[in-house]
Amino acid sequence: MSLHRLVLVLNASYEPIHICAARRALKLVFKGAAAVEQVSACTVRTAKIQIPVPSVIRLLQYRRMPRQNRAVSRKGIILRDGSACQYCREKLPPKSLTLDHVIPRARGGGSTWENLVACCLACNNRKGNRTPQEAGMTLAKVPRQITPHAGHRLVAGDEKAWEGYLFC
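Residues numbered from 1 in each chain as written. Predicted model: local features only at pLDDT ≥ 70, side-chain atom pairs only at ≥ 80, totals over all residues. Heavy atoms only, no water.

Enquirer: Now, about the pattern of salt bridges: what can you tell me, with residues and values included?
Expert: Inspection of the entire model under this criterion finds four salt bridges. One salt bridge in this structure joins Glu37 and Arg58, with 2.9 Å as the shortest N-O distance. A residue pair is termed long-range when its members are at least 10 positions apart, and Glu37 in strand E3 (residues 34-45) and Arg58 in strand E4 (residues 50-59) qualify at 21 residues. Looking at Glu37, the relative accessible area reads 25%, which means it is partly exposed. (Salt bridge = Lys/Arg side-chain N within 4 Å of Asp/Glu carboxyl O. Helix = DSSP H or I, 4+ residues; strand = E, 2+ residues; numbered from the N terminus. Buried < 20%, exposed > 50% of the residue type's maximum accessible area, 1.4 Å probe, protein only.)

Enquirer: Please give an account of the sheet that holds E4 that cites residues and values.
Expert: Each strand in a sheet pairs with another by means of backbone hydrogen bonds, the pair being arranged parallel or else antiparallel. In space, the four strands of this open sheet follow the order E2-E1-E4-E3, with mixed pairing throughout. Lying at the two open borders of the sheet, with one neighbouring strand each, are strand E2 (16-21) and E3. When the angles between neighbouring strand axes are averaged without regard to direction, this sheet yields 30 degrees. Note that E3 and E4 share eight bridges and pair antiparallel. (Pairing = 2+ DSSP bridges. Axes fitted to C-alpha atoms, helices over the stretch in contact; angles between N-to-C directions.)

Enquirer: Describe in detail the environment of Ile57, supporting the description with residues and values.
Expert: Structurally, Ile57 can be placed in strand E4. Setting aside its immediate chain neighbours within four residues, Ile57 contacts Val7, Leu8, Val9, Leu10, Ala25, Leu28, Val29, Ala34, Ala35, Val36 and Glu37. (Contact = heavy atoms within 4.5 Å.)

Enquirer: Kindly report on a positive patch on the surface, identifying the contributing residues and their values.
Expert: Taken together, the side chains of Arg23, Arg24, Lys27 and Lys31 make up a positively charged region of the molecular surface. Relative to the assigned elements, Arg24 resides in helix H1 (residues 22-31). (Patch = residues over 30% accessible without salt bridge, like charges linked within 9 Å, V, L, I, M, F, W, Y side chains within 5 Å. Areas by Shrake-Rupley, 256 points an atom, 1.4 Å probe, with all protein chains shown as cover. Lys, Arg positive; Asp, Glu negative; His and termini not counted. Charge placed at Lys NZ, Arg CZ, Asp CG, Glu CD.)

Enquirer: Break down unusual backbone geometry for me, with residues and values.
Expert: Positive phi values are uncommon outside glycine, yet Tyr14 reaches one of about 70 degrees. Positive phi, normally seen in glycine, also occurs at Arg89, with a value near 65 degrees. The residue Arg89 is located in the loop between helix H2 (74-80) and strand E5 (97-101) in this model. When its relative accessible area of 45% is taken as the criterion, Arg89 is described as partly exposed.

Enquirer: Please give an account of the nonpolar core that cites residues and values.
Expert: In this structure, Cys85, Tyr87 and Cys123 are the most contacted members of the largest nonpolar core, which totals 17 residues. Elements represented by at least two residues in this core include exactly H2 and strand E6 (116-120). Ranked by the residues each element gives to this core, the list is headed by E6, at five residues. Apart from residues no more than four positions distant in its own chain, Cys85 is found in contact with Glu90, Leu97, Ala118, Cys119, Cys120 and Cys123. Ranked by size, the runner-up nonpolar core spans 16 residues in total, among them Val9, Cys20, Ile51 and Val53. (Core = buried A, V, L, I, M, F, W, Y, C linked by side-chain atoms within 4.5 Å.)

Enquirer: Give a description of the pairing of strand E1 (residues 6-10) that names residues and reports values.
Expert: Across the five residues of E1, four count as buried, placing the element largely inside the fold. In terms of strand pairing, E1 meets E2 through five bridges, oriented antiparallel. Residue pairing across strands places Leu10 opposite Pro16, the latter belonging to E2. Where E1 folds back onto E2 in an antiparallel hairpin, the turn is made up of five residues, including Tyr14, whose phi is positive at roughly 70 degrees. Here three bridges tie E1 to E4, and the two strands are oriented parallel to one another. Across the sheet, residue Val9 finds its bridge partner in E4, namely Ile57.

Enquirer: Outline the environment of Leu6, supporting the account with residue identities and numerical values.
Expert: Turning to its location among the elements, Leu6 is positioned in strand E1. What makes Leu6 partly exposed here is its relative accessible area of 36%. Linking Leu6 and Ile19, residues 13 residues apart in sequence, is a C-alpha distance of 6.4 Å.

Enquirer: Report on the side chain of Ser40, specifying residues and quantitative values.
Expert: Locating Ser40 in the fold gives a position in strand E3. Given a relative accessible area of 14%, Ser40 falls into the buried group. In terms of polar contacts, Ser40 uses its side chain to reach the backbone amide nitrogen of Cys42, at 3.4 Å. If we skip the residues at most four places from it in the chain, Ser40 touches Arg5, Val53, Pro54 and Ser55. (Polar contact = N/O pair within 3.5 Å; in protein donor to acceptor, adjacent residues only side chain to side chain.)

Here is the structure:
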């Protein structure tokens with residue numbers, strides 16, 4: 001049903017801040033609190049008119065949003081690393097990737113954004129319980145925490161209309 005579609009909500013500064021259902025987005029637009037930036041192909045029919053369902057809306061008044069740190073997750077690590085092994089740089093489907101601790105847990109390495117990378121099973125086994133330097137392997141890029149906006153990409157899925165508004 002089109003009222004349950006996901007809609008990206010932008011702040012007045014075009015910063016992505018939330019994802020809501022189309023029903024809530026239409027309420028914000030009709031109330032005058034938001035403007036439609038992009039519409040989807042879906043429509044909602046009433047007795048007399050058809051209303052296009054928005055894909056992206058923007059709040060008309062700026063809302064101050066507290067900065068939040070994203071929780072470490074497998075999906076987030078794979079998103080950050082672009083579904084590629086960080087040692088051999090081969091692009092693989094997410095199911096074929098494992099998570100590797102750059103500094104092994106046995107040596108005090110934690111499960112943090114800066115210590116976890118996506119890698120293939122072969123590279124993970126080859127590295128073993130060693131650091132990349134000890135194993136003679138190099139990382140494609142230094143692991144770091146994802147930006148707050150990257151979390152929206154986890155939900156976006158096939159929403160091509162959101163691409164111009166999400167920056168990671």
